Amino acid sequence: MSFLSIDGVVKSFGPTTVVKDFDLRVERGEFVSFLGPSGCGKTTMLRMIAGFERPSAGRIVIDGEDVTDLAASRRRIGMVFQAYALFPNLSVHDNVAFGLKVAGRPKREIGPRVEEMLTLVGLPHLSNRYPYQLSGGQQQRVALARALAPSPRVLLLDEPLSALDAKIRVSLREQIRALQRELGITTIFVTHDQEEALSMSDRIAVMSEGRIQQCATPFEIYNRPSTRFVAGFVGTLSLIDGVRAEGAGAIVDGTRIELSETPPVAEGAPLTLTLRPEAVKLEPSSDRPNRLTGEVRDAHFMGSVVRLDVHVAGSSVLVDTFNRSAVPPPARGERIDLYFAPADVGLLADRPQT
Ligand code: ATP
């Protein structure tokens, strides 16, 4: 049995349903992100796990205990919010001690525990400061120490990095992940930032309009998006129209494309293939038996990479080539051959909305 189970959870506010048939299993010690655009229901789902909102239907089970109707204070969950939810009138020490006092821990235990937590987040020297005397990154580390102090069963992080500037965000991302691994605490992380989700998570649940579109490892989400929405939301991807051919193959522009798996549709049925710009090469090689020919529509110089937009039979195929000063990139209007490996071709499960 999984450590955290979310079974068929629905949440409606009046006539509007913002979380729909949400099913997810999270293993003990796993780090799972909810990734999706603003308004897709990430925070609402997180608040239901925390116990701040009650599901309209479905149930939530933590470590074998059905917590659907349990008060938030009794769930033993730690939470860190987007920005600065520290108590402004309490010192760093007292902020971290807060949950321990509420839980009725004996006084003699509280001091050492606060010390231990502040050391864990690298801030033992700031315990007498007040929140206004800390940087944004330090405040979030204190918020993390406060959330972890009562030894929660699950840690919920709601966009904890989004108010910080870029450099601190990256460093705190690494610190949070290292800490989470060290403690082995089951964690749900809400973000709309794909880079954050890809770099931190064991698995990512990509959400759109209250539903999980795909839940998989960052590697699978990036390389094998299963729906048009995921393909469009995570990274840059070319979508190529074709039809199913015999065996593990497709026909694009009259050319057979070898795939690494047999598509689950009938021969002759339309298909959408996916290709990442970095998987397409301009030179043939034995592991890249697939070739398509197209016309260069545009070449975007991006520094170390030149991104070509190549028109192939009605589809736009993006190609990233490394910039080499000795070899100018193909010019607009030039016809070029593109090569790629069967393993780099993905398939979308859904069809375009008509
Ligand atoms: P963001 O990244 O902007 O926080 P989100 O994906 O976390 O977005 P939610 O905050 O879960 O999205 O909101 C999902 C939808 O539910 C939104 O349309 C929001 O307006 C609506 N919503 C959230 N809470 C309530 C509420 N208490 N009453 C009515 N509607 C609500």
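Remember, it's a predicted structure, so these values are computed and weren't measured experimentally.

**As for helix α5 (residues 166–183)**
(1) Moving on: Over its 18 residues, α5 runs 26 Å from end to end, which matches the ideal 26 Å to within 8%, given 1.5 Å per residue.
(2) Moving on: Each element contacted by the buried residues of α5 is listed here: β3 (31–35), α4 (136–148), β8 (186–191) and α6 (194–200).

**Let's talk about the site of the ligand**
(1) Moving on: In the vicinity of the ligand, the contacting residues are Phe13, Val18, Gly36, Ser38, Gly39, Cys40, Gly41, Lys42, Thr43, Thr44 and His192.
(2) Moving on: The residue inventory of the shell around the ligand, partitioned by class, reads three nonpolar, seven polar and one charged.

**Observations concerning the environment of Leu183**
(1) Moving on: Within the element layout of this structure, Leu183 appears in helix α5.
(2) Moving on: Residue class for Leu183 comes out partly exposed when judged on the 15 C-beta atoms lying within 10 Å of it.
(3) Moving on: C-alpha of Leu183 to C-alpha of Ser151: the two residues are 32 residues apart in sequence and 9.7 Å apart in space.

**Re the nonpolar core**
(1) Moving on: Grouped together as the largest cluster of nonpolar side chains are 85 residues, with contacts concentrated most on Val96, Ala145, Leu156, Ala205, Val206 and Leu273.
(2) Moving on: When residues in this core are grouped by element, the largest group, six residues, is from α4.
(3) Moving on: Setting aside residues no more than four positions away along its own chain, Leu156 makes contact with Leu46, Ile49, Ala50, Ile77, Gly78, Met79 and Ile188.

**Examining the sheet that holds strand β4 (residues 57–62)**
Sheet strands associate in pairs through backbone hydrogen bonding, adopting either a parallel or an antiparallel arrangement.
(1) Moving on: With antiparallel pairing, the four strands of this open sheet are ordered in space as β2-β1-β4-β5. Two strands lie at the open edges of the sheet, namely β2 (16–26) and β5 (65–66), each paired on one side alone.
(2) Moving on: Two strands pair when backbone bridges link them, and strand β1 (residues 4–13) and β2 are joined in this way by seven bridges, in the antiparallel orientation. Following the sheet pairing, Lys11 is matched in β2 by Val19.
(3) Moving on: Lying on the sheet, helix α1 (residues 42–50) is in contact with β1, β2 and β4; it crosses β2 at an angle near 60°.

**Digging into the packing of α4 against α5**
(1) Moving on: Contact pair α4 / α5: the axes reach a minimum separation of 10 Å and the direction vectors enclose 20°. Our classification of the angle between α4 and α5 gives roughly parallel. Remark: the crossing between α4 and α5 carries right-handed chirality. For the pair α4 and α5, contact is made by Gly136, Gly137, Gln140 and Leu144 and by Ile168, Leu172 and Ile176, respectively.
(2) Moving on: For the contact of α4 with α5, the class distribution of residues is four nonpolar, three polar and no charged.

**What about helix α2 (residues 92–102)?**
(1) Moving on: Taken as a whole, α2 has its buried residues at Val92, Asn95, Val96, Ala97, Gly99 and Leu100.
(2) Moving on: As for α2, its buried residues are in contact with α3 (107–120) and α4.

**Details of the sheet that holds β3**
(1) Moving on: Sheet architecture is open: six strands sit in the order β6-β7-β8-β3-β9-β10, paired in mixed fashion. Each edge of the open sheet is held by one strand with a lone partner, namely β6 (77–80) and β10 (211–216). In this sheet, adjacent strand axes meet at a mean angle of 20° when their direction is disregarded.
(2) Moving on: Taken together, the five bridges between β3 and β8 define a ladder with parallel strand orientation. Directly across from Phe34, in β8, lies its bridge partner Val190.

**A short note on unusual backbone geometry**
(1) Moving on: At Asp63, a residue that is not glycine, the phi angle is positive and equals roughly 50°.
(2) Moving on: For Asp63, a count of 15 C-beta atoms within 10 Å puts it in the partly exposed group.
(3) Moving on: One non-glycine residue, Asp253, lies in the positive phi region at around 55°.
(4) Moving on: On the secondary structure map, Asp253 appears in the loop between β12 (249–252) and β13 (255–258).
(5) Moving on: Asp253 sits in the partly exposed class, given 15 other C-beta atoms within 10 Å.

**Details of the environment of Ala331**
(1) Moving on: Secondary-structure assignment places Ala331 in the loop between β17 (315–322) and β18 (335–340).
(2) Moving on: In the structure, Ala331 is positioned 297 residues away from Phe34 in sequence and 41 Å away in space, judged by C-alpha atoms.

**Some thoughts on the packing of α2 against α4**
The packing of two helices is summarised by the inter-axis angle and the distance between the axes.
(1) Moving on: For the pair α2 and α4, the least separation of the axes is 7 Å and the interaxial angle reads 30°. The orientation of α2 with respect to α4, classified from their angle, is roughly parallel. The crossing of α2 and α4 is right-handed. Along the contact surface, α2 presents Val92, Asn95, Val96, Phe98 and Gly99, while α4 presents Val142, Ala145 and Arg146.

**A short note on the confidence of the model for the protein chain**
(1) Moving on: Predicted confidence across the protein chain gives a mean pLDDT of 92, with 98% of residues reaching 70 or more.
(2) Moving on: Looking across the protein chain, the model is least confident in α5, with a mean pLDDT of 89, and most confident in β3, with 98.
(3) Moving on: Reported confidences for the modelled complex are a pTM of 0.87 and an ipTM of 0.94.

Criteria and thresholds
Residues numbered from 1 in each chain as written. Predicted model: local features only at pLDDT ≥ 70, side-chain atom pairs only at ≥ 80, totals over all residues. Helix = DSSP H or I, 4+ residues; strand = E, 2+ residues; numbered from the N terminus. Expected span 1.5 Å × (residues − 1). Contact = placed C-beta atoms within 7 Å. Near = placed C-beta within 6 Å. Nonpolar A, V, L, I, M, F, W, Y, C, P; charged D, E, K, R; others polar. Buried ≥ 20, exposed ≤ 12 C-beta atoms within 10 Å, placed from the backbone. Core = buried A, V, L, I, M, F, W, Y, C linked by C-beta atoms within 7 Å. Pairing = 2+ DSSP bridges. Axes fitted to C-alpha atoms, helices over the stretch in contact; angles between N-to-C directions. Parallel < 35°, antiparallel > 145°, perpendicular 65-115°, else oblique. Left-handed = near helix turned anticlockwise from the far one by under 90°. pLDDT = per-residue confidence, 0-100.

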